[in-house]
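Each chain, written out:
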Amino acid sequence: LLNHTVGTGVGITVNDKLTVNMGLCYIYFVTAKADGVQSTDTTTEVYTLADITTHADSYYTKEFAEETILVSFGATYRLGGGDSIQDDSDDDDKAAKKKDKKVKKEKKTKKTT
């Protein structure tokens, strides 16, 4: 069925190890109508004298309309360390200083040779 869906969610950081997540989703299905015929043939044997066959048609109309609401809750608890979203600027600064030292060392060795 065709549908329209709207959803939202939020994550709340309780502390550096615990985050609580909540979500909400609303689905509206577009109304659809189905018409049809179901045919049934039944054969019954009557004392080996004759077979009786019956035929029946069943006409039906079914309308499909549905709405669904989904609610979700979750929690993330980090066992080993702090938040998974880290500020990498400290690591970048350390790497830059290390690279500068390496370059200076290489320049010194070139001057001495």
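If you're wondering where the values come from, they're calculated on a predicted model, not measured in any experiment.

(A) Fine view of the pairing of strand S5 (residues 67-77). Along S5, only 1 of the 11 residues are buried, which leaves the element largely exposed. Here strand S2 (residues 18-29) pairs with S5 via 11 bridges, running antiparallel. Across the sheet, leucine 18 pairs through a bridge with tyrosine 77, a residue of S5.

(B) Region of the structure containing a positive patch on the surface. Together, Lys97, Lys101, Lys104, Lys107, Lys108 and Lys110 give the surface a local cluster of positive charge. The residue lysine 108 is located in helix H1 (residues 89-112) in this model. Classification of lysine 108 by relative accessible area gives exposed; the value is 60%.

(C) Summary view of the pairing of strand S3 (residues 32-46). Pairing of S3 with strand S4 (residues 50-64) involves 15 bridges; the strand directions are antiparallel. When the bridges of S4 are listed, glycine 36 appears paired with tyrosine 60. Taking the residues that link successive antiparallel strands as the turn, the S3-S4 hairpin has 3 residues, and the phi of tyrosine 47 there is positive, at about 45 degrees.

Reading the values: rules and limits
- Residues numbered from 1 in each chain as written.
- Predicted model: local features only at pLDDT ≥ 70, side-chain atom pairs only at ≥ 80, totals over all residues.
- Heavy atoms only, no water.
- Buried < 20%, exposed > 50% of the residue type's maximum accessible area, 1.4 Å probe, protein only.
- Helix = DSSP H or I, 4+ residues; strand = E, 2+ residues; numbered from the N terminus.
- Pairing = 2+ DSSP bridges.
- Patch = residues over 30% accessible without salt bridge, like charges linked within 9 Å, V, L, I, M, F, W, Y side chains within 5 Å.
- Areas by Shrake-Rupley, 256 points an atom, 1.4 Å probe, with all protein chains shown as cover.
- Salt bridge = Lys/Arg side-chain N within 4 Å of Asp/Glu carboxyl O.
- Lys, Arg positive; Asp, Glu negative; His and termini not counted.
- Charge placed at Lys NZ, Arg CZ, Asp CG, Glu CD.

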